[in-house]
Amino acid sequence: MATPDSLALFTGLGLSENKARETLKNAALSTQLREAATQAQQTLGSTIDKATGTLLYGLASRLRDTRRLSFLVGYIANKKIHTELQLSAALEYVRSHPLDPIDTKDFEQECGVGVVVTPEQIEEAVEATINRHRPQLLVERYRFSMGLLMGEARAALRWADGKMIKNEVDMQVLHLLGPKMEADLEKKPKVAKARLEETDRKTAKDVVENGENYKTPGYVTTPHTMDLLKQHLEITGGQVRTRFPPEPNGILHIGHAKAINFNFGYAKANNGICFLRFDDTNPEKEEAKFFTAIYDMVTWLGYTPYKVTYASDYFDQLYAWAVELIRRGQAYVCHQRGEELKGHNPLPSPWRDRPIEESLLLFEAMRKGKFAEGEATLRMKLVMEDGKMDPVAYRVKYTPHHRTGDKWCIYPTYDYTHCLCDSIEHITHSLCTKEFQARRSSYFWLCNALDVYCPVQWEYGRLNLHYAVVSKRKILQLVAAGAVRDWDDPRLFTLTALRRRGFPPEAINNFCARVGVTVAQTTMEPHLLEACVRDVLNDTAPRAMAVLEPLQVVITNFPAPKPLDIRVPNFPADETKGFHQVPFASTVFIERTDFKEESEPGYKRLAWGQPVGLRHTGYVIELQHVVRGSSGCVECLEVTCRRADAGEKPKAFIHWVSQPLVCEIRLYERLFQHKNPEDPVEVPGGFLSDLNPASLQVIKGALVDCSVALAKPFDKFQFERLGYFSVDPDSHQGQVVFNRTVTLKEDPGKV
């Protein structure tokens, strides 16, 4: 075979182009891999998914007895061997059993063929392993060898998915220990292991207990710390309290889903509570629709806030504390302009040492509206980790607030508000993304400067996706440019967009659990999220049949005088989940791509001399006549039919519709062409220059079987052989509109 053909074949297996070229240099390996891929295509068709391609490459590169190639390829192509662990066991088996014939029963038992390990079994095995090591885990925390936990759980469940075990270990360890602290990042001391006394174990465990914030590395204590913590424990009863604090100035995106899962999930795992607190301190950018949408998305993901609060609930208290801060000599009114405060080394304020009484009078004047916007700010006297000096606590804004109206013309900043709201609500774990680490000093400083309860701030890495932008400002640019319709355009990665596209909330939660919580920022490939979507929809989306590009087929010898009612299982793999009925008449519609006048190698669908079956009907059709229009295009096929059991089994069974509903179907691809559309090196022209012109294809005249006639917005279906689809809210009584959520399997040809 020509090298370009082999190169395409190998890259189609998921190999990078460089890896494929290296493989071609090895004649023996490339011959064996080509043979394995060709054999697999006989079962799977021309497209082989990446996971199967990886196994085929592993087989071709490690198999020594070429006589066993066909035997093992059959197991891989039929998904009986689908993990690296099973492949290793299979290779070891054929190496140690060189004589024919192979005992298939013994082989399958040794390779775990057909063994199903459930998530519940993994959860139980990991829980048992962690319980065995619990005392040492509580002492060593994240310096304990997690590989030991995985190894023991893996030994108990030999054929379990290693990634699932790792995810379960990560999740259960997080639930046990809480987020990582600075001490956890230090290297484990190389000392001889000594047996810990019970008192030592108690001390190590108590470090992470609620109310002992003062033991956290970096925590600043004052003479009042212990009394404040004691009062805090009396109020909370030792209960874990978290909060999800979004700004109501835009729609939540996939990164927020991680924050929601972490805050609500951590509280739930520890029998605690989680507040939904709107950080509504900037009335210029806040809109009522964002408050509603944020609450809807939190509940859509399956979480119920203990209480919905607003930073504006506490404006009176925050103002009183600002006055007290001035009285204590820790804040002052400054007249430097915004542009003077920008940059890495802004000039120190000439008003830093102004008299306390003067600042009190000026701050009161700010509140009464005697300064224009930008003429005066209240600043705190501290230097933050990033070198920022004297962050602003209050600024003047003559914009009515959505909740407080015209009561205030000064509004607090995030640096001032956030920690004090956490203190008021007695939050125990202030979970923030990594960029807020530079604000940790102001968080501790401000609570201590006012002698109020001081929570602990924990930072974790953000979640981002390739081929996406999530910045509110940039999404607004996309809307303004007409590249997307609105915040909920299904090509975006806002949560409202993902819901409209048909992503189930369980899939998003599962994706966040798989990603886990780390200090480092995580940027994931979209296909990993799509894989979670397929896992959920495979079990929850009932089957239906639809035709995107219809071709009319007339059955000239239809076996009944009127249409037949065909029972179609909602879930073919589990018929206990019920059936629906579709009509089968003498006129049906098939996909235009399911017919070719001239067949070609590998083509298994309808052609001259090549009959096909119609799914679920029990009938096979055979081409008799092609009807063309005036332009010469094929307009209709005339066929005859026979019972499927009355002759040779056809090479393929295709989907069809009869007496269908006309619908609109929207097919989505990635909005951007490059992985990092915001990277000026990768996309010099800016993200708006990187738009994919084929990101949306609208099919107006698609046909769908009548079983979906009563579908409501957001109902989900698997259209057989086409993918998963969700009913769009644009649907109306006259026409249903479907969004393609994901294809049936990952397309390895996608960039």
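- An unreviewed UniProt entry annotates the protein chain as Glutamine--tRNA ligase originating from Rattus norvegicus.
- As stated in UniProt under Function (unreviewed entry), the record for the protein chain gives "Glutamine--tRNA ligase. Plays a critical role in brain development."

### Focus: the packing of aromatic side chains
Part 1 of the reasoning: Taken as a whole and assessed by the stated rule, the structure comprises 27 aromatic pairs.
Part 2 of the reasoning: Here Phe-275 and Tyr-306 contribute two aromatic rings whose centre-to-centre distance is 5.4 Å and whose plane-to-plane angle is 75 degrees, an arrangement assigned as edge-to-face. Taken as a pair, Phe-275 in strand S2 (residues 273–278) and Tyr-306 in the loop between helix H15 (288–300) and strand S3 (307–310) lie far apart in primary sequence, 31 residues in all.
Part 3 of the reasoning: Between Phe-363 and Tyr-394, the aromatic rings sit 5.4 Å apart at their centres with planes inclined by 70 degrees, giving edge-to-face as the arrangement. One end of the pair, Phe-363, is in helix H17 (residues 356–367); the other, Tyr-394, is in strand S6 (residues 392–396), and 31 residues separate them in sequence.
Part 4 of the reasoning: Take Phe-363: its relative accessible area is 1%, and that puts it in the buried class.
Part 5 of the reasoning: The class for Tyr-394 is buried, based on a relative accessible area of 1%.
Part 6 of the reasoning: Taken together, the ring pairs in this structure connect Phe-315, Tyr-319, Phe-363, Tyr-394, Trp-408, Tyr-411 and Tyr-416 into an aromatic cluster.
Part 7 of the reasoning: Geometry around Tyr-75 places Lys-80 over its ring, the cationic atom sitting 5.6 Å from the centre.

### Digging into the UniProt feature "domain: tRNA synthetases class I (E and Q) anti-codon binding" (unreviewed entry) in the protein chain
Part 1 of the reasoning: UniProt records the feature "domain: tRNA synthetases class I (E and Q) anti-codon binding" (unreviewed entry) for residues 653–728 in the present numbering.
Part 2 of the reasoning: Helix makes up 0% of residues 653–728 and strand 37%, whereas the separation of the span's terminal C-alpha atoms amounts to 29 Å.

### With respect to the packing of helix H16 (residues 315–327) against helix H18 (residues 414–424)
Part 1 of the reasoning: Contact geometry for H16 and H18: axes closest at 11 Å, N-to-C directions at 115 degrees. When the axis of H16 is compared with that of H18, the two are roughly perpendicular. Considering the relative orientation of H16 and H18, their crossing is right-handed. Residue-level inspection shows Gln-317, Leu-318, Trp-321, Ala-322 and Leu-325 of H16 in contact with H18, the latter providing Tyr-416, Thr-417, Leu-420 and Ile-424.
Part 2 of the reasoning: Looking at side-chain class alone, the contact of H16 with H18 contains seven nonpolar, two polar and no charged residues.

### A word on H18
Part 1 of the reasoning: In terms of burial, H18 is a largely internal element, nine of the 11 residues being buried.
Part 2 of the reasoning: Here H18 has its buried residues at Asp-415, Tyr-416, Thr-417, His-418, Cys-419, Leu-420, Cys-421, Asp-422 and Ser-423.
Part 3 of the reasoning: Downstream of H18 by one or two residues, His-426 has phi in the positive range, about 55 degrees.

### Looking at a negative patch on the surface
Part 1 of the reasoning: A cluster of acidic side chains, namely Glu-120, Glu-123, Glu-124 and Glu-127, defines a negative patch on the protein surface.
Part 2 of the reasoning: Relative to the helices and strands, Glu-123 resides in helix H8 (residues 119–132).

### A look at the sheet that holds strand S7 (residues 410–412)
Part 1 of the reasoning: Here four strands make up an open sheet; going across it, the order is S4-S5-S6-S7 and the pairing antiparallel. Only two strands of the sheet have a single partner each, and these edge strands are strand S4 (331–334) and S7. On average, each strand axis in the sheet is tilted by 20 degrees relative to the strand beside it, whichever way the strands run.
Part 2 of the reasoning: Where strand S5 (residues 377–380) lies against S6, three bridges are found, and the strand directions are antiparallel. By the bridge assignment for S6, Arg-379 is matched with Val-392.
Part 3 of the reasoning: The strands touched by H17 within the sheet are S4, S5, S6 and S7, with S4 carrying the most contacts at an inclination of about 60 degrees.

### Side note on the side chain of Thr-433
Part 1 of the reasoning: Mapped onto the fold, Thr-433 is located in strand S8 (residues 429–433).
Part 2 of the reasoning: With sequence-adjacent residues up to four places away left out, Thr-433 is seen in contact with Glu-459, Tyr-460 and Arg-462.

### Digging into the packing of helix H14 (residues 254–269) against helix H22 (residues 505–515)
Part 1 of the reasoning: For the pair H14 and H22, interaxial distance at closest approach is 9 Å and the crossing angle is 75 degrees. The orientation of H14 relative to H22 falls into the category roughly perpendicular. Where H14 approaches H22, its residues Ile-254, Ala-257, Lys-258 and Asn-261 are matched on the opposing element by Ile-508, Asn-509, Phe-511 and Cys-512.
Part 2 of the reasoning: Partitioned by chemical class, the residues of the contact of H14 with H22 number five nonpolar, two polar and one charged.

### Thoughts on the pattern of salt bridges
Part 1 of the reasoning: For the structure on display, the rule yields 45 salt bridges.
Part 2 of the reasoning: When the shortest N-O distance is used, the salt bridge between Arg-721 and Asp-594 registers 2.9 Å. Note that Arg-721 is positioned in the loop between strand S24 (716–719) and strand S25 (723–727) and Asp-594 in the loop between strand S17 (587–591) and strand S18 (612–614), a separation of 127 residues in sequence.
Part 3 of the reasoning: The class of Asp-594 is buried, set by a relative accessible area of 1%.
Part 4 of the reasoning: Across the salt bridge formed by Arg-615 and Glu-720, the nearest N and O atoms sit 2.5 Å from each other. Of this pair, Arg-615 sits in the loop between S18 and strand S19 (619–628) while Glu-720 sits in the loop between S24 and S25, and the two are 105 residues apart along the sequence.
Part 5 of the reasoning: Several salt bridges converge on common partners, so that one network encompasses Arg-485, Asp-488, Arg-500, Glu-664, Arg-666, Lys-700, Asp-728 and Asp-730.

### Looking at the state of the cysteines
Part 1 of the reasoning: A full pass over the atoms with the stated rule returns zero disulfides.
Part 2 of the reasoning: Lacking any disulfide linkage, Cys-409 is separated from the closest cysteine sulfur, that of Cys-334, by 18 Å.
Part 3 of the reasoning: We classify Cys-409 as buried; its relative accessible area is 9%.

### Comments concerning the pairing of strand S22 (residues 661–668)
Part 1 of the reasoning: Of all eight residues that make up S22, six are buried, and the element is covered over most of its length.
Part 2 of the reasoning: Bridging between S22 and strand S23 (residues 696–704) involves seven bridges; their strand directions are antiparallel. The residue bridging Cys-663 from the neighbouring strand is Ala-702, located in S23.
Part 3 of the reasoning: The pairing of S22 with strand S26 (residues 736–742) spans four bridges and is parallel. Considered in S26, the bridge of Ile-665 is made with Phe-738.

### Points about the sheet that holds S25
Part 1 of the reasoning: Spatial strand order, S12-S24-S25-S26-S22-S23-S13: seven strands in an open sheet with mixed pairing. Each edge of the sheet is formed by a strand with only one pairing partner; in this case those strands are strand S12 (543–544) and strand S13 (546–547).
Part 2 of the reasoning: Across the sheet, helix H23 (residues 526–540) lies against S12, S24, S25 and S26, angled at about 120 degrees from S26, the strand it touches most.

### Regarding the environment of Gly-701
Part 1 of the reasoning: Positionally, Gly-701 belongs in strand S23.
Part 2 of the reasoning: For the pair Gly-701 and Ala-28, spaced 673 residues apart in sequence, the C-alpha to C-alpha distance is 51 Å.
Part 3 of the reasoning: Contacts of Gly-701, omitting those with residues within four sequence positions, involve Pro-550, Val-662 and Cys-663.

### Examining the confidence of the model for the protein chain
Part 1 of the reasoning: Confidence along the protein chain averages 89 in pLDDT terms, with 94% of residues attaining 70 or more.
Part 2 of the reasoning: Mean pLDDT in the protein chain bottoms out at helix H12 (residues 198–206), which sits at 32, and peaks at S13, which reaches 98.
Part 3 of the reasoning: Low confidence marks residues 190–208, where pLDDT is under 50. Its contacts with residues over four positions away, or in another chain, come to 15 contacts.

### Quick notes on the environment of Arg-277
Part 1 of the reasoning: Here Arg-277 is to be found in strand S2.
Part 2 of the reasoning: Under the relative-accessibility criterion, Arg-277 is labelled buried at 2%.
Part 3 of the reasoning: Separated by 30 residues in the primary sequence, Arg-277 and Glu-247 have C-alpha atoms spaced 8.9 Å apart.
Part 4 of the reasoning: Apart from the residues lying within four places of it in its own chain, the contact partners of Arg-277 are Arg-243, Phe-244, Pro-245, Pro-246, Thr-309, Tyr-310, Ala-311, His-418, Cys-421, Asp-422, Glu-425 and Ile-427.
Part 5 of the reasoning: Side-chain polar atoms of Arg-277 contact the side chain of Glu-425, separated by 3.0 Å.

So, how was this worked out
- Residues numbered from 1 in each chain as written.
- Predicted model: local features only at pLDDT ≥ 70, side-chain atom pairs only at ≥ 80, totals over all residues.
- Heavy atoms only, no water.
- UniProt positions renumbered as here; feature names shortened; annotations may be inferred.
- Phe/Tyr/Trp six-rings, centres within 6.5 Å; stacked < 30°, edge-to-face > 60°.
- Helix = DSSP H or I, 4+ residues; strand = E, 2+ residues; numbered from the N terminus.
- Buried < 20%, exposed > 50% of the residue type's maximum accessible area, 1.4 Å probe, protein only.
- Lys NZ or Arg CZ within 6 Å of the ring centre and 35° of its normal.
- Axes fitted to C-alpha atoms, helices over the stretch in contact; angles between N-to-C directions.
- Parallel < 35°, antiparallel > 145°, perpendicular 65-115°, else oblique.
- Left-handed = near helix turned anticlockwise from the far one by under 90°.
- Contact = heavy atoms within 4.5 Å.
- Nonpolar A, V, L, I, M, F, W, Y, C, P; charged D, E, K, R; others polar.
- Patch = residues over 30% accessible without salt bridge, like charges linked within 9 Å, V, L, I, M, F, W, Y side chains within 5 Å.
- Areas by Shrake-Rupley, 256 points an atom, 1.4 Å probe, with all protein chains shown as cover.
- Salt bridge = Lys/Arg side-chain N within 4 Å of Asp/Glu carboxyl O.
- Lys, Arg positive; Asp, Glu negative; His and termini not counted.
- Charge placed at Lys NZ, Arg CZ, Asp CG, Glu CD.
- Pairing = 2+ DSSP bridges.
- Disulfide = S-S within 2.5 Å.
- pLDDT = per-residue confidence, 0-100.
- Polar contact = N/O pair within 3.5 Å; in protein donor to acceptor, adjacent residues only side chain to side chain.

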